[in-house]
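# Observations on the three-dimensional arrangement
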Amino acid sequence: MHMADALLTPEVGGTMWLVSGAAVAVASRAVRRSADSRQVPLMGVLGAFVFAAQMINVSIPGTGSSGHFAGGLLLAILLGPHPAFLTIASVLVVQALFFADGGLLALGANIFNMGFVACYLVYPLIYRPLAGVEASGFRRRAVTWLAAILALQLGALGVVLETTASGIAELPFTAFLAAMQPIHLAIGIVEGLITVAVVEFVARAEPGLVDPAARQTGRRVLAPLAIAAALISGALSWFASADPDGLEWSIARLTGEAEIAVPENAAHRAAAELQGRAALLPDYAFPGADEAAEPGWSTPNAGTTVSGLVGGTLTLLLAVAIGWALRLRRNRLSAWPR
Amino acid sequence: MNGGGHSLLDLGTLDRLGQGDSAIHRIDARAKLAVTLAFVLCVVSFDKHAVGDLLPFATFPIVLLAVSGVPVRFVLRRLAIVAPFAVLVGVFNPLLDREVVASVAGIGISGGWLSFVSILVRFALTIGALLILVATTPVPALGRAALRMGAPRVFVTQLLSLYRYLFLLAEESRRTLTAYRLRVPHDRPPSWRAFAAILGQLLLRAVARARRIHEAMLCRGFDGEWRLIATPRMSGRDWLFAVGWLGFFAVLRLVFPAHALGLLLVGG
Amino acid sequence: MSHHRVVVEAVRFAYPDGTWALDGVSFELGHGESVAVIGANGAGKSTLLLHLNGILTADSGRIVVGDLPVAHGTLTHLRRTVGTVFQDPDDQLFMPTVFDDVAFGPLNLGMPEADCRARVRDCLERVGAWHLRDRPPHRLSGGEKRRVAVAAVLAMSPDILLLDEPSTGLDPRGRRQVIELLRGFAHTKLVVTHDLDLVLELCPRTIVLHEGRVAADGPSRTLLGDAALLERCGLEVPVAARPCPRCGFAPGLAEG
Ligand SMILES: Nc1ncnc2c1ncn2[C@@H]1O[C@H](COP(=O)(O)OP(=O)(O)OP(=O)(O)O)[C@@H](O)[C@H]1O
Ligand SMILES: [Mg+2]
């Protein structure tokens with residue numbers, strides 16, 4: 001469920017970075033304030049645990065594919081939302097760095113989809129109120145299961161929204177949604193069961209570990225949510241004012257009316273594009289701004305594209321040649337006795 | 001998104017490569033981190049049909065690969081492993097956007113194909129650069145760099161402790177899984193029930209370890225604050241690296257030398 | 001100097017689950033003494049160490065380290081005086097690099113950075129691990145980990161060293177290195193171990209723990225030759241203290 005850099009525009013990736021970055025800052029402050037020095041090693045080791053857990057595959061009955069254990073909700077139940085969020089975020093950073101899962105720009109989106117959603121949306125708004133402070137066995141199990149499924153569904157929805165809003169991939173919103181949600185429902189059902197079973201297991205062996213945050217006030221936990229909402233709506237309105245068509249296009253795309261909506265605004269869009277050309281980054285295009293049907297500024301001109309391709313390929317060859325030369329030189333240097 | 005054993009192996013390989021020594025390894029982590037970030041931002045900021053303008057950016061990973069001695073094959077293999085998601089999502093572009101936008105030797109190229117190739121090029125560039133960053137920089141140095149660049153201390157602490165115990169717990173989980181496999185007749189992955197039991201065990205062991213680590217920390221005067229000795233300043237060489245590459249990216253981003261070169265050769 | 005003395009008096013301790021791990025333990029350590037604590041698995045050895053460094057608090061009884069009783073108010077002082085090398089070096093080396101790990105203690109004590117660097121270098125050189133300074137701990141061998149863990153404890157300049165199974169999991173060479181290293185320290189030492197040959201080499205005196213009580217306390221050579229005592233406490237006579245099967249010469253009795 002990792003977003004990739006290649007599918008994101010800087011606007012979408014940057015907004016998600018801002019949101020996740022702000023959440024990391026808020027969570028860090030909260031953890032520091034809590035002044036429980038036991039949390040430092042516990043978070044570190046549990047982060048490593050999530051990693052270790054993800055290395056074991058689970059077979060999903062019926063689908064034949066294998067899913068992975070995401071663990072956002074489990075950590076929130078064991079550690080409380082702030083430490084859990086930081087832990088998941090750190091896991092995602094390491095996945096981005098070591099497994100190239102996602103990438104640097106996509107990191108913000110991934111932290112949001114897999115960490116923020118579970119720790120700051122599902123945990124405080126769904127799990128906490130429904131599970132109650134002294135939840136009985138069955139109720140807690142049911143709520144945990146549903147919450148785990150929901151966290152994964154919302155995360156998948158995030159992937160779809162971010163991808164379509166970026167518009168690098170042409171896949172229509174509804175089609176992408178129709179593919180992503182059921183797959184993640186299947187994964188979620190299994191992951192939910194596992195989460196329930198692990199929580200039960202731990203609760204039986206060491207009851208003190210489960211829900212230490214149960215008696216915390218809910219309002220502090222909602223701070224990251226409020227900040228995220230403000231940042232996202234701020235970014236949306238900023239992009240909207242900077243490029244009304246971009247947003248309109250995105251919405252049209254989301255509702256599946258892209259084909260109808262595009263030609264109408266072609267002229268308007270060309271003007272916006274002209275404006276864009278004069279700006280600092282000439283090719284900087286908002287999603288869909290280059291969708292115009294008519295040739296002009298907005299569609300890549302046939303001549304420039306071909307020359308661009310030829311020039312680009314040549315520079316690539318040149319770069320490879322330079323790399324080759326450097327490598328040879330390096331090998332010769334290191335072959336000499338020092 | 002990645003299969004068990006291989007990822008652990010790759011983790012070890014990258015970690016070992018990061019501990020290596022070369023002109024690139026010796027550059028300050030802050031400089032490398034900032035340049036890589038700028039690189040990724042530049043690459044993704046291009047128009048969705050851009051291919052030609054993106055290719056010159058390959059200079060950066062290629063030069064770094066060459067100078068650092070990081071095996072090319074390793075980077076390519078890792079790229080191939082994580083490619084499926086980007087490819088799967090992008091592969092619909094040629095089907096959905098069939099408008100011909102260019103023709104080479106009489107064959108029309110549709111916008112969809114261009115944007116699909118663009119996704120692949122972006123993918124290879126951004127992920128490649130990131131892999132090279134990690135293969136030439138030890139993680140502790142990256143953590144310090146992030147700290148100096150303003151990341152919250154609690155978060156960096158968390159990252160570095162996660163990294164510290166990653167290998168240990170991965171090894172533990174591998175052993176547990178082996179023990180499980182040796183006791184079941186079939187060669188299937190564990191059912192969710194067995195999986196949950198394995199996880200529960202691992203989790204309790206992890207918690208017990210965290211407790212022992214905390215005791216060891218207390219014995220050495222831990223008071224909740226995680227202290228690190230400051231890193232030395234960036235040297236002239238580090239600055240040269242940073243400013244040089246940033247300037248190079250700026251030129252590629254604003255002047256489009258690929259276009260100019262192409263125009264010279266094939267004309268408008 | 002009565003200064004680095006340790007007095008343990010009738011200490012009893014039960015874990016929260018009700019296990020009595022210590023059931024009235026008493027002994028004294030003099031300044032500069034090197035004493036071994038032996039006993040079967042679960043005898044309470046590690047629990048005893050955790051009392052001496054103030055991680056656990058006795059349910060009853062009294063512990064005095066130096067001139068101060070172990071209590072809440074004296075913990076900071078206690079942790080400067082007593083250095084603990086834990087059973088599993090992976091629990092002890094929690095920082096991202098060897099250098100950072102050794103610097104952790106001195107920085108917590110508020111030592112200025114320049115002094116701290118010098119201290120780290122000094123301690124790593126003393127254990128012969130300065131060349132490992134930039135390595136992450138997970139890239140060290142067992143013996144290297146153990147040596148770095150010792151350096152990290154030395155960096156706090158403690159007067160008393162507590163060591164929990166310093167030679168387990170090491171190959172013969174690594175074990176030898178650790179023994180030589182410990183032999184070189186003039187500190188008051190309390191060594192918990194299952195390695196009875198190490199005891200004979202390193203500690204003139206031995207305390208035998210059995211089910212949370214002191215079963216015997218005396219010269220190592222005598223105690224380790226006492227087959228009946230060791231048998232009763234779930235241990236056995238070490239090879240070095242056994243009579244020679246050919247000539248019947250018993251080293252424990254001869255030198256003890
Ligand atoms: N955290 C704990 N909770 C409950 N009981 C414990 C805990 N740690 C140890 N015990 C129990 O206390 C007793 C003494 O344990 P301790 O770890 O001190 O033994 P030990 O002599 O160090 O053994 P070993 O040689 O195996 O290290 C044992 O019965 C053990 O089961
Ligand atoms: Mg023990």
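The structure this text deals with has already been given above.
What counts and what doesn't
In this numbering scheme, every chain counts its residues from 1 along its sequence in written order. Lettering of chains starts at A and numbering of ligands starts at 1, both following the order in which they are written. Given that the model is predicted, a residue must reach a pLDDT of at least 70 before its local features are reported, and side-chain atom pairs must reach 80 or more before they are shown or counted; all residues, however, enter totals for whole chains, interfaces and linings. As a convention, hydrogens and water are excluded, and side-chain values are obtained from all of the structure's heavy atoms. For the purposes of this entry, the term helix denotes a DSSP run of H or I that reaches at least four residues, the term strand denotes a run of E that reaches at least two, and both are numbered from the N terminus. Burial status follows relative accessibility: with a 1.4 Å probe on protein chains alone, a residue under 20% of its type maximum counts as buried, one over 50% as exposed, and anything between as partly exposed. Only heavy atoms matter for contacts: two residues are in contact if any of them lie within 4.5 Å across the pair. Computed with a 1.4 Å probe, the accessible areas rest on the Shrake-Rupley method; for each residue, only the protein chains presented here act as cover. Only strands that DSSP links by at least two bridges are regarded as paired with each other. As a rule, the C-alpha atoms of each element are fitted with a line to give its axis, helices using only the stretch in contact, and angles between N-to-C directions run from 0 to 180 degrees. The definition of a nonpolar core used throughout is a set of buried Ala, Val, Leu, Ile, Met, Phe, Trp, Tyr and Cys residues joined through side-chain atoms within 4.5 Å. Values labelled buried area give the accessible surface lost by two parts on being combined, using a 1.4 Å probe and summing over both. Any carboxyl oxygen of Asp or Glu that lies within 4 Å of a side-chain nitrogen of Lys or Arg is treated as forming a salt bridge with it. Only Phe, Tyr and Trp rings are paired, with Trp represented by its six-membered ring, and only when their centres lie within 6.5 Å; those with planes under 30 degrees apart are stacked, over 60 edge-to-face, the remainder tilted. Distance and angle both matter: a charge sits over a ring if NZ of Lys or CZ of Arg is within 6 Å of the ring centre and within 35 degrees of the ring normal. For classification purposes, angles smaller than 35 degrees are called roughly parallel, those larger than 145 roughly antiparallel, those between 65 and 115 roughly perpendicular, and all remaining angles oblique. Should the near helix be turned anticlockwise from the far one by less than a right angle, the crossing is left-handed, and should it be turned clockwise, the crossing is right-handed. Put simply, Ala, Val, Leu, Ile, Met, Phe, Trp, Tyr, Cys and Pro go in the nonpolar bin, Asp, Glu, Lys and Arg in the charged bin, and everything else, Gly too, in the polar bin. Any nitrogen, oxygen or sulfur atom within 2.8 Å of a metal ion counts as a donor, with the limit raised to 3.2 Å for Na, K and Ca, and since water is left out, coordination shells can look unfinished. We define a polar contact as two N or O atoms separated by no more than 3.5 Å, with the added condition that, inside protein, one atom must be a possible hydrogen donor and the other a possible acceptor, whereas residues neighbouring each other in sequence contribute only through side-chain atom pairs. Any residue with a heavy atom positioned within 4 Å of a molecule or strand is treated as near that molecule or strand.

Check the secondary structure of chain A and you find twelve helices and two strands. In chain A, the order of α-helices and β-strands from amino to carboxyl end is α-α-β-β-α-α-α-α-α-α-α-α-α-α. Out of the 338 residues belonging to chain A, those deemed buried represent 57%. Considering only contacts within chain A whose residues lie at least 6 apart along the sequence, 76% involve residues at least 24 apart. Total accessible area on chain A stands at roughly 13,800 Å², and carbon and sulfur atoms take up 68% of it.

What follows covers the pairing of strand β2 (residues 20-29) of chain C. Residues and elements named next belong to chain C. Where strand β1 (residues 6-14) meets β2, seven bridges bridge the pair, whose relative direction is antiparallel. Looking at the pairing, Val8 lines up with Phe27 of β2. Adjacent in sequence and paired antiparallel, β1 and β2 are bridged by five residues, among which Gly18 carries a positive phi angle near 100 degrees.

To continue, consider the sheet that holds β2(C). The strands that make up a sheet are held in pairs by hydrogen bonds between backbone atoms, and each pair lies either parallel or antiparallel. All names here are of chain C. One open sheet accounts for four strands, arranged β2-β1-β4-β5; its pairing is antiparallel. Each edge of the open sheet is held by one strand with a lone partner, namely β2 and β5 (68-69). Where helix α1 (residues 45-52) meets the sheet, it contacts β1, β2 and β4 (60-65), and its direction lies at approximately 60 degrees from that of β2.

Turning our attention to the nonpolar core. Membership of the largest hydrophobic core comes to 212 residues, with the highest contact counts inside it found for A:Phe49 and A:Phe98. With 16 residues, helix α11 (residues 192-219) of chain B is the largest single contributor of residues to this core. The residues touching A:Phe49, leaving out its near neighbours within four places in the chain, are A:Leu74, B:Leu169, B:Leu199, B:Leu202, B:Leu203 and B:Ala206. In terms of nonpolar packing, the next biggest core, distinct from the first, is built from 53 residues, C:Val98, C:Ala151, C:Leu170 and C:Val208 among them.

Attention now goes to the interface of chain B and chain A. Chain B puts 113 residues into the contact, and the matching count from chain A is 107 residues. Roughly 9,500 Å² of surface becomes buried between chain B and chain A when both sides are summed, with 77% attributable to carbon and sulfur atoms. Of all residues in chain B, the largest losses of buried area upon contact with chain A belong to B:Lys48, B:Trp192 and B:Leu203, amounting jointly to 7% of the total for that side. Where chain B packs against chain A, one counts one salt bridge. Between A:Arg32 and B:Glu225 there is a salt bridge; the shortest N-O distance is 2.9 Å. The dominant element in the side of chain B that touches chain A, judged by the number of residues it contributes, is α11(B), at 17 residues.

A word on the packing of aromatic side chains. Evaluated as defined, the whole model comprises 22 aromatic pairs over all chains. Plain terms: the ring middles of A:Phe85 and A:Phe116 are 6.2 Å apart, the flat faces sit at 90 degrees to each other, and that makes the pair edge-to-face. Within this pair, whereas A:Phe85 is found in helix α4 (residues 81-99), its partner A:Phe116 is found in helix α5 (residues 107-131), the two being separated by 31 residues in sequence. A relative accessible area of 0% means that A:Phe85 is categorised as buried. Note that C:Arg133 overlies the ring of C:Trp130, its terminal NZ or CZ placed 4.4 Å from the centroid.

Residues and elements named next belong to chain A. Where helix α3 (residues 72-79) contacts α5, the axes come no closer than 9 Å and their chain directions differ by 65 degrees. By the criterion of interaxial angle, the relationship of α3 to α5 is roughly perpendicular. The crossing of α3 and α5 is right-handed. Of the residues in α5, those in contact with Gly72, Leu73, Ala76 and Ile77 of α3 are Ala118, Cys119, Val122, Tyr123 and Tyr127. The residue inventory of the contact of α3 with α5, partitioned by class, reads eight nonpolar, one polar and no charged.

All names here are of chain C. Across the sheet, six strands lie side by side as β6-β7-β8-β3-β9-β10; this open sheet has mixed pairing. Lying at the two open borders of the sheet, with one neighbouring strand each, are β6 (82-85) and β10 (213-219). Strand after strand, the sheet turns through a mean of 15 degrees between neighbouring axes, direction not considered. Examined bridge by bridge, strand β9 (residues 205-210) and β10 share six bridges and lie antiparallel to one another. Considered in β10, the bridge of Thr206 is made with Gly218.

Although it is not a glycine, C:Ala10 sits at a positive phi angle of roughly 45 degrees. Residue placement: C:Ala10 occurs in strand β1.

Donor atoms from the polypeptide that bind the magnesium ion (ligand 2) are C:Ser46 (OG) and C:Gln87 (OE1), placed at 1.9 to 2.7 Å. Of this pair, C:Ser46 sits in helix α1 while C:Gln87 sits in the loop between β6 and α3 (89-92), placing them 41 residues apart in sequence.

With that settled, the discussion passes to the interface of chain B and chain C. Between chain B and chain C, the contact holds 30 residues from the first and 35 residues from the second. Each partner contributes to the roughly 2,900 Å² buried at the junction of chain B and chain C, and carbon and sulfur atoms together form 58% of this total. At the boundary of chain B and chain C, one finds seven salt bridges. Between B:Asp15 and C:Arg139 there is a salt bridge, with its nearest N and O atoms 2.9 Å apart. Counting across the interface, chain B meets chain C through 14 residue pairs in polar contact (both at pLDDT 80 or more). Elements with a contribution of two residues or more to the side of chain B that touches chain C: α1 (4-18), α9 (139-148), α10 (153-183) and α11 of chain B. Split into classes, the residues belonging to the side of chain B that touches chain C amount to 16 nonpolar, three polar and eleven charged.

So, about α3(A). With respect to burial, α3(A) is a largely interior element, eight of its eight residues being buried. Here α3(A) has its buried residues at A:Gly72, A:Leu73, A:Leu74, A:Leu75, A:Ala76, A:Ile77, A:Leu78 and A:Leu79. Buried-residue contacts for α3(A) involve α2 (39-54), α4, α5, α6 (137-166) and α7 (173-205) of chain A together with α11 of chain B. Where α3(A) terminates, the next one or two residues include A:Gly80, which has phi positive at roughly 95 degrees.

Moving on, we get to the site of ligand 1. Taken together, the neighbourhood of ligand 1 is formed by 16 residues, with C:Gly42, C:Lys45, C:Ser46, C:Thr47 and C:His194 sitting nearest. Looking at what sits near ligand 1, you find residues from chains B and C. C:His194 places a side-chain nitrogen or oxygen 2.8 Å from an oxygen atom of ligand 1. When isolated, ligand 1 has an accessible area of 630 Å², and the protein chains bury 69% of it. Of the residues forming the shell around ligand 1, the biggest block, three residues, is contributed by α1(C).

By themselves, these figures tell us nothing about what the structure is for.
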